[in-house]
Amino acid sequence: MEKKRFLALVLLFALAVAPPPKASGHQAKFDVVRLAEGVYAAVRRDQPGYAVESNSLFIIGDEGVIVVDSQSNLAATRETLAALRRLTDKPVRYVVNTHWHDDHVVGNQVYAEAFPGVAFVAHAATRAYLPVKGAAARKSWHEGGLSQFVEQLRSILKGGVNSKGEPLDEEQRASLASDIALGEGYLTVPSDFRPVLPTVTLEDKLTLYQGEREVDVLYLGRGHTSGDVVVYLPREGILAAGDLVVWPVPFVGSDQSHVGDWGATLERLVALKASTIVPGHGPLMHDDSYPRLVGRLMNSVKQQTERAVARGETLEQARKDVNLEEFRRLFAGDSKVRNALFSVYVVGPAVESAFNDASPKR
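Summarised in this report is the structure supplied together with it. (Residues numbered from 1 in each chain as written. Predicted model: local features only at pLDDT ≥ 70, side-chain atom pairs only at ≥ 80, totals over all residues. Heavy atoms only, no water.)

**Section: the overall build of the chain**
- Scanning the chain from terminus to terminus reveals 11 helices and 12 strands.
- In terms of C-alpha radius of gyration, the chain reaches 20 Å, essentially the compact-globule figure of 21 Å for 362 residues.
- Considering only C-alpha atoms, the chain reaches an extent of 55 × 45 × 35 Å along its principal axes.
- Of all 362 residues assigned to the chain, the portion counted as buried reaches 58%.
- Taken as a whole, the chain presents about 15,200 Å² of accessible surface, with 50% of it coming from carbon and sulfur. (Helix = DSSP H or I, 4+ residues; strand = E, 2+ residues; numbered from the N terminus. Rg over C-alpha atoms; globule rule 2.2 N^0.38 Å. Buried < 20%, exposed > 50% of the residue type's maximum accessible area, 1.4 Å probe, protein only. Areas by Shrake-Rupley, 256 points an atom, 1.4 Å probe, with all protein chains shown as cover.)

**A short note on the environment of E171**
- For E171, the location among the structural elements is in helix α6 (residues 170-186).
- Considering only alpha carbons, one finds E171 and S335, 164 residues apart in sequence, at a separation of 8.1 Å.
- Ignoring any residue separated from it by four or fewer positions in sequence, one finds E171 in contact with S335, K336, V337 and R338.
- Of the polar contacts made by the side chain of E171, one reaches the side chain of S335; its length is 2.6 Å. (Contact = heavy atoms within 4.5 Å. Polar contact = N/O pair within 3.5 Å; in protein donor to acceptor, adjacent residues only side chain to side chain.)

**Observations concerning the pattern of salt bridges**
- Under the definition given, this model contains 19 salt bridges.
- A salt bridge links E37 to R34; the shortest N-O distance between them is 2.9 Å.
- With a closest N to O distance of 3.6 Å, R311 and D321 form a salt bridge. Note that R311 is positioned in the loop between α8 (289-310) and α9 (315-321) and D321 in helix α9, a separation of 10 residues in sequence.
- Exposure remark for D321: the relative accessible area of 42% places this residue in the partly exposed category.
- Here the salt bridges share partners, and the residues they tie into one network are E151, R154 and E184. (Salt bridge = Lys/Arg side-chain N within 4 Å of Asp/Glu carboxyl O.)

**Some remarks on the sheet that holds strand β2 (residues 39-44)**
- Across the sheet, seven strands lie side by side as β1-β2-β3-β4-β5-β6-β7; this open sheet has mixed pairing. Two strands bound the open sheet, and with one partner strand each, they are β1 (30-36) and β7 (200-202). Each adjacent strand pair in this sheet contributes to an overall mean axis angle of 20°, direction not counted.
- Where helix α4 (residues 124-144) meets the sheet, its contacts fall on β6 (119-123) and β7, and the angle it forms with β6 comes to roughly 100°. (Pairing = 2+ DSSP bridges. Axes fitted to C-alpha atoms, helices over the stretch in contact; angles between N-to-C directions.)

Right, dumping it as structure tokens:
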């Protein structure tokens, strides 16, 4: 597969509309971490790579449960629900989807089947996207390259060398193995699958209550998508950030993300002063240093790209002029895996996203 098409498939792999791994049946793929009384995070153990699966948050009240984000396929969400069932037999009353990508919404079906009457909460933009653009993207992804991409990853792992002809190191092997397992899970979702849509939408803020506990669903602005929401527990200082915060590098979509707004959105996120942040993907965070770094990156891309647009440059010219090497070192260091992720999910799509946001609308 030529390099350009391979990179295009890589970019689609996490951002188009993906679903991930088959449940092993004997080894959990996540840790359930107690964050406060009745509040738990299901934190994925997957290696950094092109493929991802979503973390979830469980908020257990006196009469029911609020779940933040489902997973990318039914088996993965059933495994997550089984973990919740080991904590409580109370019904799930609400599922909040932080945005529209498949690795956060496909598993809605599991909760709908298990809990008749459960409400699904998301931003209005997510509700609008899923049945039209989302369905088209899923069909294109599954029919246009998903299985070939997984086979390409298997071939690389079996061959033992990377795209530069260099021997794979242990980090690369672990990352590829994780991607393949997640990709096999993605393949279990039919191309014509239709996720359960949000039944409750918001534009700015929706507050749910569990007795005296306040659960705020907040729209802080555009970033990873135009429909990102976060879930904030002000009393406990716990924040589920969705894919506004993804570790070890942010995931940017050239046509779905809004780098021009992302930095300001993260400033509002940081202003909440959460003591614990549950990212969409990656480990728990107990300070705001990483979201601040992501915000600095987005603001740098925005400012550099806006200057390029003001000079009348084309997108390709802007790509050459925007320099992100400082941030590459901060996010990726010497890691070959993280450098590859930074190239695929940040450098190319971030400049294009910022260029689109900065260009005069036709």
